[in-house]
Amino acid sequence: MSDTSHGDTTSADAPLWRDIMDALPLTQRPRRLTAAMAQDWSLALRAVGIPHRLTPLRKGWRLDVHRDFMDLAVDEVLNFAQENPPEAPPEAARPISRRVVWQTALIMLLGALFHTVCSRPFPSLGLYPETWVTHGAADASAIMAGEWWRTVTALTLHADAAHMAGNALIGGVFMVLFCSEAGFALGWSVFLLSGALGNLLNAAAHLVNHVSVGASTAVFGVVAALGAYRAMREHGVSFRRTVAPVVAGLALLAMLGVGGERTDLGAHAFGFLAGLPLGLLAGSEIGVRLAAHPALPRLCGALSIALPLAAWAAALL
């Protein structure tokens, strides 16, 4: 960037030049004149023929204006700043919380413990492995007949240990990412709601003769919610921050299998679709304001605990 000067600027007339920063109101004076600001202000002053000159400093720049034009220069710079506010930088993602990692790991361990309980017979209680599936699987006919609880209970059931471990490990990664940014209680509420809504949509698509189990519906919901949340918070779509989770979701689909008889592609797709609006809502200005209210985390936490318990109570009682 070169200096911009008008008129005679010899050492004899140096007192005629003043730093515009000294003339700006304190409330509208930047801490330092950056190169970009200096260039913009110089262009604004040059457009109306105000004599000025730029000087690079050790940190930033100095813009001197002829004292006879200082008032006009200040008005021009302030008008320019008002009409061209600086773009807000993208909101940085919150760092991964160690607390969220341990909390998520604990929930995944509880899920594994529940799977172990469901896999063993308890004759004294009248509970057998098939009992849980009979009363808790996402049976399309039963769901459409009004057994809403199946949309939730199915998320806690798995075909086998490998199925459960895959959802716990891969889903745990996405839950840590999402909860670190959106909040732990809100993140698990989105997990449950996207999974339940995905199972409901899947049941509505099949109507009859379709039964599924597994948390992968909710996992895909969180994948979509994470991308949508970041797009809203950063006011745009970037590959690394927004598109990458979607690509990872497609990779997840491939890892879980796309051609096996026990793979429910519809549940994956509907879970993904259900997570999109939830992520958009959570990342919106309204969602962020609500999340800042101290009552919302408590409400979401209570929902995340009460909903599965209420669903299983409705299923077994």
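Here, the structure is the one placed above.
Here the structure is a predicted model, which is why all the values come from computation and not from measurement.

What counts as what
- Residues numbered from 1 in each chain as written.
- Predicted model: local features only at pLDDT ≥ 70, side-chain atom pairs only at ≥ 80, totals over all residues.
- Heavy atoms only, no water.
- Core = buried A, V, L, I, M, F, W, Y, C linked by side-chain atoms within 4.5 Å.
- Buried < 20%, exposed > 50% of the residue type's maximum accessible area, 1.4 Å probe, protein only.
- Helix = DSSP H or I, 4+ residues; strand = E, 2+ residues; numbered from the N terminus.
- Contact = heavy atoms within 4.5 Å.
- Phe/Tyr/Trp six-rings, centres within 6.5 Å; stacked < 30°, edge-to-face > 60°.
- Patch = residues over 30% accessible without salt bridge, like charges linked within 9 Å, V, L, I, M, F, W, Y side chains within 5 Å.
- Areas by Shrake-Rupley, 256 points an atom, 1.4 Å probe, with all protein chains shown as cover.
- Salt bridge = Lys/Arg side-chain N within 4 Å of Asp/Glu carboxyl O.
- Lys, Arg positive; Asp, Glu negative; His and termini not counted.
- Charge placed at Lys NZ, Arg CZ, Asp CG, Glu CD.
- Pairing = 2+ DSSP bridges.
- Expected span 1.5 Å × (residues − 1).
- Arc of directions from axis to C-beta.

Here we take up the nonpolar core. Core analysis: the biggest nonpolar cluster contains 39 residues, and Phe178 and Phe191 have the highest contact counts within it. Elements represented by at least two residues in this core include exactly helix H4 (98-118), helix H8 (161-182), helix H9 (184-206), helix H10 (216-233) and helix H14 (295-316). Here this core gets nine residues from one element, more than from any other, and that element is H8. Excluding anything up to four places from it in sequence, Phe191 contacts Met175, Ala215, Ala218, Val219 and Val222. Among the nonpolar cores identified, the runner-up in size contains 17 residues, and Leu54, Trp61, Val74 and Leu78 belong to it.

According to the stated counting rule, one finds seven aromatic pairs in the structure shown. Between Phe114 and Trp132, the ring centres sit 5.4 Å apart and the planes meet at 80°, which makes this aromatic pair edge-to-face. Of this pair, Phe114 sits in helix H4 while Trp132 sits in helix H5 (residues 129-136); the two residues are 18 residues apart in sequence, bridging distant segments of the chain. Judged by relative accessible area, Phe114 falls into the partly exposed class, the value being 23%. By relative accessible area, which is 7% here, Trp132 ends up buried. Taken together, the ring pairs connect Phe114, Trp132 and Trp312 into an aromatic cluster.

Tracing the backbone shows Pro51 in the loop between helix H2 (35-47) and strand E2 (52-56). Since its relative accessible area comes to 12%, Pro51 is described here as buried. Along the backbone, Pro51 and His66 are 15 residues apart, and their C-alpha atoms lie at a distance of 5.9 Å.

A word on a positive patch on the surface. Residues Arg31, Arg32, Arg58 and Lys59 make up a contiguous surface patch of positive charge. With respect to the element layout, Arg31 can be found in the loop between helix H1 (20-23) and H2.

On to the pattern of salt bridges. Opposite charge on two side chains allows them to pair when their charged atoms are near. Scanning the model with the defined rule gives five salt bridges in all. Note that Asp19 is salt-bridged to Arg62, the shortest N-O span being 3.9 Å. Here the residue Asp19 occupies a position in strand E1 (residues 17-19), and Arg62 occupies one in strand E3 (residues 61-66), the gap between them amounting to 43 residues. Residue Asp19 is classed as buried on the basis of its relative accessible area of 12%. For Glu181, the salt bridge goes to Arg230, with nearest N and O atoms at 2.7 Å. A residue pair is termed long-range when its members are at least 10 positions apart, and Glu181 in helix H8 and Arg230 in helix H10 qualify at 49 residues.

Taken across its six residues, E3 has five buried, putting it largely inside the fold. In this structure, E2 lies alongside E3, joined through five bridges in antiparallel fashion. Following the sheet pairing, His52 is matched in E3 by Val65.

Compared with the 20 Å implied by 1.5 Å per residue over 14 residues, the 20 Å span of helix H3 (residues 70-83) between its first and last C-alpha is a close match. Among the residues of H3, Met70, Ala73, Val74, Val77 and Leu78 are the ones counted as buried. Buried positions in H3, seen along its axis, are confined to an arc of 130° and lie on one side of it. Residues Asp71, Gln82 and Glu83 are exposed on H3 and point more than 90 degrees away from its buried face. Elements that come into contact with the buried residues of H3 comprise E1, H1, H2 and E3.

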